[in-house]
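A structural walkthrough
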Amino acid sequence: MNSRKPFIAGNWKMYKTCSEAVETAGKLVKLLSQTSDVDIMIAPAYIALAQVHEAVKGSFVTLGAQNLFWEKEGAYTGEISPEMLVSAGCTYVIIGHSERRQYFGETNETVNKKIKAAINYNLKPVLCVGESEKEREANDTFNVLDKQIKMGLEGFLHDDMQNITLAYEPVWAIGTGKTASNKQAQEVHLFLRTLIEKLFGKNIAESIRILYGGSVKPENITELMTMPDVDGALVGGASLDADKFSRIVKFKTVG
Ligand code: PGA
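If you're wondering where the values come from, they're calculated on a predicted model, not measured in any experiment.

A few words on the overall build of the chain. In terms of regular secondary structure, the chain is built from 13 helices and 8 strands. Each principal axis of the C-alpha distribution contributes one length, and for the chain these read about 50 × 45 × 35 Å. Relative to all contacts within the chain whose residues are 6 or more apart in sequence, the contacts with residues 24 or more apart total 72%. Surface accessibility of the chain: about 12000 Å² in total, with carbon and sulfur atoms responsible for 52%. Here the chain holds 29 positive side-chain charges and 31 negative ones, and the gap between their average locations is 3 Å.

If you want it as structure tokens, here you go:
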């Protein structure tokens, strides 16, 4: 058994109006009022952050954003700074999600800048990495991940790494209903942990949490969590429903 505390995070993507987000958050607070043995985060759309923060304040449910822009402030129409996220009550921020890489031109370089900005404001980054179906078929998975990690985390020190979480999200498994098998997930998680050990040493490698993401549901979480290097999940679709998400968070008892 390792000593890493499980971490279950919900990425609400571009779903839910403000009132819907507040309603779901309120249900989660009730359903998860006894669950202190798992770290819990939900990431609503920017516009709902402050209201959802009010709804989860004082509970075990913490707040995250889905993205940020790295500048402190300025003429950057449509962007949100790390300081603004902190003022809205965020603890975490998801960085480099594959949808941002795919549709919004995010690169390993911009991911690196965003993580730096998050750390400067004491936001905890959840760095997403993952290969596409084509890359997996071409046996390129480990090369792609190696690059995403080395470039994404370039210039970071041992201390910075203490607040970073990794999320392995194979692009072919996101929103498709296809989940990586437990064996596939474990193989990649072990690769990532070994890479982190090479880059930042044994202590960081042993303490960093690596989440799996891609069609996680109440039905497959328990098995996934039996894998020694899987420390939690980043959940999209199934996190939109309070009942389903809380069953995922309570994977130890629901099964
Ligand atoms: P999914 O999304 O659970 O709907 O596959 C996961 C994610 O994109 O984080």
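Moving on to the site of the ligand. Taken together, 13 residues are adjacent to the ligand, and Lys 13, His 97, Glu 169, Gly 175 and Ser 215 come closest. Contact distances for the ligand include 2.6 Å between an oxygen atom and a backbone N or O atom of Gly 175. The backbone of Gly 237 places a nitrogen or oxygen atom 2.8 Å from an oxygen atom of the ligand. Expressed as a share of its isolated accessible area of 280 Å², the protein-covered part of the ligand is 95%.

Burial analysis of strand E7 (residues 209-213) places 5 of its 5 residues in the buried class, which makes it a mostly covered element. Both faces of E7 are covered, namely the face carrying Arg 209, Leu 211 and Gly 213 and the face carrying Ile 210 and Tyr 212. Bridge analysis of strand E6 (residues 165-168) against E7 gives 4 bridges, and the strand direction is parallel. Across the sheet, residue Ala 167 finds its bridge partner in E7, namely Leu 211. As paired elements, E7 and strand E8 (residues 232-235) share 3 bridges and run parallel to each other. Note that in E8 the partner of Gly 213 across the bridge is Leu 234. Between the parallel elements E7 and E8, the chain passes through helix H11 (residues 218-224) in a crossover that is right-handed.

Under the counting rule described, the total for this entry stands at 1 cavity of 30 Å³ or more. Reported here for the largest cavity is a volume of approximately 40 Å³. Around the largest cavity, the lining residues are Gly 96, His 97, Ser 98, Arg 101, Cys 128, Val 129, Gly 130, Gln 148, Glu 169 and Val 171. Those elements that place two or more of their residues in the lining of the largest cavity are helix H4 (98-103) and strand E5 (124-129). When grouped by side-chain class, the residues that make up the lining of the largest cavity number 3 nonpolar, 5 polar and 2 charged.

Relative to the assigned elements, Ser 81 resides in the loop between strand E3 (61-65) and helix H3 (82-87). For Ser 81, a relative accessible area of 5% corresponds to the buried category.

The next point concerns the layout of surface pockets. Of the pockets and cavities examined, the largest pocket occupies roughly 490 Å³. Forming the boundary of the largest pocket are 18 residues, of which Lys 13, Met 14, Gln 66, Arg 100 and Phe 104 lie nearest the centre. With 3 residues, H4 is the single largest residue contributor to the lining of the largest pocket. Taken together, the residues of the lining of the largest pocket break down into 9 nonpolar, 5 polar and 4 charged.

Let us look at the packing of aromatic side chains. For the coordinates displayed, the defined rule picks out 6 aromatic pairs. Pairing Phe 69 with Tyr 76 gives two aromatic rings, centres 5.0 Å apart and planes at 55°, and the pair type is tilted. What makes Tyr 76 partly exposed here is its relative accessible area of 36%. Three or more aromatic residues joined by ring pairs make a cluster, and in this case those are Phe 69, Trp 70 and Tyr 76. Of note, Lys 16 hangs over the ring of Trp 12, and the distance from its end group to the ring centre comes to 5.4 Å. The ring of Phe 156 has Lys 116 lying over it, and the distance from NZ or CZ to the ring centre is 5.8 Å.

With 66 residues, the main nonpolar core has Leu 153 and Ile 196 as its most contacted residues. Broken down by element, the residue count for this core peaks at 6 residues, all from helix H9 (residues 182-200). If sequence neighbours within four positions are ignored, Leu 153 has contacts with Asn 112, Ile 115, Leu 127, Met 161, Ile 164, Ile 196 and Phe 200. Membership of the second largest hydrophobic core comes to 11 residues, among which are Ala 9, Ala 43, Ile 94 and Leu 234.

As a further point, take unusual backbone geometry. In this structure, Asn 122 takes a positive phi of about 60° despite not being glycine. Note that Asn 122 resides in the loop between helix H5 (108-120) and E5. The backbone of Ser 215 sits at a positive phi, close to 55°, despite the residue not being glycine. With respect to the secondary-structure elements, Ser 215 resides in the loop between E7 and H11. Take Ser 215: its relative accessible area is 16%, and that puts it in the buried class.

What counts and what doesn't
Residues numbered from 1 in each chain as written. Predicted model: local features only at pLDDT ≥ 70, side-chain atom pairs only at ≥ 80, totals over all residues. Heavy atoms only, no water. Helix = DSSP H or I, 4+ residues; strand = E, 2+ residues; numbered from the N terminus. Contact = heavy atoms within 4.5 Å. Areas by Shrake-Rupley, 256 points an atom, 1.4 Å probe, with all protein chains shown as cover. Lys, Arg positive; Asp, Glu negative; His and termini not counted. Charge placed at Lys NZ, Arg CZ, Asp CG, Glu CD. Near = heavy atom within 4 Å. Polar contact = N/O pair within 3.5 Å; in protein donor to acceptor, adjacent residues only side chain to side chain. Buried < 20%, exposed > 50% of the residue type's maximum accessible area, 1.4 Å probe, protein only. Pairing = 2+ DSSP bridges. Right-handed = clockwise from strand over helix to strand, strands pointing away. 1 Å grid on protein atoms, 1.4 Å probe; cavity = no way out; pocket = protein on both sides within 12 Å on 5 of 7 lines; lining within 4 Å. Points joined across faces, edges and corners; volume = space filled by probe spheres on them. Nonpolar A, V, L, I, M, F, W, Y, C, P; charged D, E, K, R; others polar. Phe/Tyr/Trp six-rings, centres within 6.5 Å; stacked < 30°, edge-to-face > 60°. Lys NZ or Arg CZ within 6 Å of the ring centre and 35° of its normal. Core = buried A, V, L, I, M, F, W, Y, C linked by side-chain atoms within 4.5 Å.

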